[in-house]
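One letter stands for each residue in the lines below.
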Amino acid sequence: MNFDASDHAIRSHAFQWLGAQKLLHGEVLPRDLLAQGFQLEGQRVPIIGPQGIFKPKVMRDMPLSITTIPGGPYDDDLRDGASAILYRYRGTDPQHPENVGLRRAMQTQTPLVFCYRTMPGSYLVSYPVFVQADHPGQLSFEVFVDDDIRLSHYIAQDAVEPLADAQARRRYITSVTKHRLHQAAFRDRVLAAY
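Only a predicted model underlies this, so the values are computations on that prediction, with no experimental measurement involved.

Engineer: Hey, could you run me through the overall build of the protein in this one?
Structural biologist: In terms of regular secondary structure, the protein is built from five helices and nine strands. In the protein, the succession of helices and strands from N to C terminus is α-β-α-β-β-β-β-β-α-β-β-β-α-α. Out of the 194 residues in the protein, the part that is buried amounts to 46%. For the protein, the share of sequence-separated contacts (at least 6 apart) that also reach a separation of at least 24 residues comes to 58%. Carbon and sulfur atoms form 54% of the exposed surface of the protein, whose accessible area is close to 9500 Å².

Here it is in structure tokens:
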């Protein structure tokens, strides 16, 4: 397989693999499982890596996933009142390769995986997510979650709907997802305490 030309195939396999893992393990997945990832034509494709904006070696220019660790080095904003997830740049250079990769995902409306750490070693995974805006002055991107219908269109390589048509739906789904992220993190902290 020519991995430079197969970004779509890798993402599609990643989304399908994640769906299967959620059926096996539930909504919150172990970090070790995400770091191991899946095999595609003899190549290992991890979902998550050591940095927040993660591009597996088999992919060329855009990341596969973004990760938020509450209380981590980057102050990602997932407040319930905001319509978007405000995802911070890697560092302070808008031209850092990871920031450029996310910007390219925004320009091409390429779906990503969003991993939210509920507690050490456990991540709630949401997909597809889309970068919808870039704010260099704030060193951040606006990220929105979309639904399974949009995901099935992506996997089938159907025509992409205009961004304007998707915005209201994505705002609503993102709001619901952020609420779910907070609930999952709270539940995991309570279970760990008892």
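Engineer: Hey, could you run me through helix α1 (residues 7-25) in this one?
Structural biologist: At 3.6 residues per turn, the α-helix brings residues three or four places apart onto the same side. With 19 residues, α1 should reach 27 Å at 1.5 Å per residue; the first-to-last C-alpha distance of 26 Å fits that figure. Looking at α1, one finds that the buried residues are Asp 7, Ile 10, Arg 11, Ser 12, Ala 14, Phe 15, Trp 17, Leu 18 and Gln 21. Of the residues flanking the end of α1, it is Gly 26, one or two places downstream, whose phi is positive at about 95°.

Engineer: It is not clear to me how the nonpolar core should be interpreted in this structure. Could you clarify?
Structural biologist: One recurring pattern in soluble globular proteins: nonpolar side chains tend to sit buried together. Within the largest apolar cluster, 20 residues are counted, with the highest numbers of intra-cluster contacts made by Leu 18, Leu 34, Ile 47, Val 113 and Val 125. Those elements giving two or more residues to this core turn out to be α1, β2 (38-40), β7 (112-119) and β8 (122-135). A total of five residues in this core trace back to one element, the largest contributor, which is α1. Among the nonpolar cores identified, the runner-up in size contains 17 residues, and Ile 53, Met 106, Leu 112 and Val 145 belong to it.

Rules and cut-offs
Each chain has its residues counted from 1, running along the sequence as written. In view of the model being predicted, local features appear only for residues whose pLDDT reaches at least 70, and side-chain atom pairs are presented and counted only at 80 or more, with totals across whole chains, interfaces and linings using the full set of residues. To get the side-chain values, all heavy atoms of the structure are used, and hydrogens and water are removed first. Under the DSSP-based scheme used, a helix requires at least four consecutive residues in state H or I and a strand at least two consecutive residues in state E, with every element numbered from the N terminus. Here's how the labels work: a residue is buried when its accessible area is under 20% of the maximum for its type, exposed when over 50%, partly exposed in between, all with a 1.4 Å probe on protein chains only. In this description, contact between two residues means that some pair of their heavy atoms is separated by no more than 4.5 Å. Residue-level accessible areas treat just the shown protein chains as cover; the underlying method is Shrake-Rupley with a 1.4 Å probe. A helix is expected to reach a length of 1.5 Å times the quantity of its residues less one. The criterion is simple. A nonpolar core is a set of buried Ala, Val, Leu, Ile, Met, Phe, Trp, Tyr and Cys residues joined through side-chain atoms within 4.5 Å.

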